[in-house]
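So the chains spell out like this:
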Amino acid sequence: MKNKATTLFLLICSLSIIKLSATVDYLVVNHLTQQLYWAETDHPPGWIAWENIAKNKYQSEEEKYLNMGYTFTQNPFLLEEIFLLVLISAVFIGFLLKRKRTFS
């Protein structure tokens, strides 16, 4: 029984260490933030201002946007995060102002 448990434990540990690789599916560009992102079907980019590049134009479009000063990003949700931060801050400030008025 101990041997089976040890074997199972080693199997689970070895599977958790293995780095999974993914394939790149498509190139997307965000003109507001001037960013490029290699998106995958399992991990699509953000929702705001991302535009797909045609599959047969990946290389030429990538070179064009890089020459225009666009950069690659690892965070495709930048605009969504900024929007959410502003929204949460506005709600928090509104809550503090309302609380201040009730104590005055």
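Located above this text is the structure these notes cover.
Since this is a predicted model, take the numbers as computed values, not measurements.

### Examining the packing of aromatic side chains
Tallying each qualifying case throughout the model produces 4 aromatic pairs. Ring plane angle 90° and centroid distance 5.5 Å describe the contact between W38 and Y58, whose orientation is recorded as edge-to-face. Linking W38 in strand β2 (residues 35-39) with Y58 in helix α2 (residues 58-67), this pair joins segments that are 20 residues apart in sequence. Overall, W38 belongs to the partly exposed group, its relative accessible area being 28%.

### What to know about the nonpolar core
Most often, soluble globular proteins have nonpolar side chains that are buried together. Listed in full, the 12 residues of the largest apolar core are Y26, L27, V28, V29, L36, Y37, A39, W50, I53, Y58, Y65 and Y70. Of all elements in the fold, only β1 (26-30), β2 and α2 reach the threshold of two or more residues within this core. The element best represented in this core is β1, accounting for 4 residues.

Reading the values: rules and limits
- Residues numbered from 1 in each chain as written.
- Predicted model: local features only at pLDDT ≥ 70, side-chain atom pairs only at ≥ 80, totals over all residues.
- Heavy atoms only, no water.
- Phe/Tyr/Trp six-rings, centres within 6.5 Å; stacked < 30°, edge-to-face > 60°.
- Helix = DSSP H or I, 4+ residues; strand = E, 2+ residues; numbered from the N terminus.
- Buried < 20%, exposed > 50% of the residue type's maximum accessible area, 1.4 Å probe, protein only.
- Core = buried A, V, L, I, M, F, W, Y, C linked by side-chain atoms within 4.5 Å.

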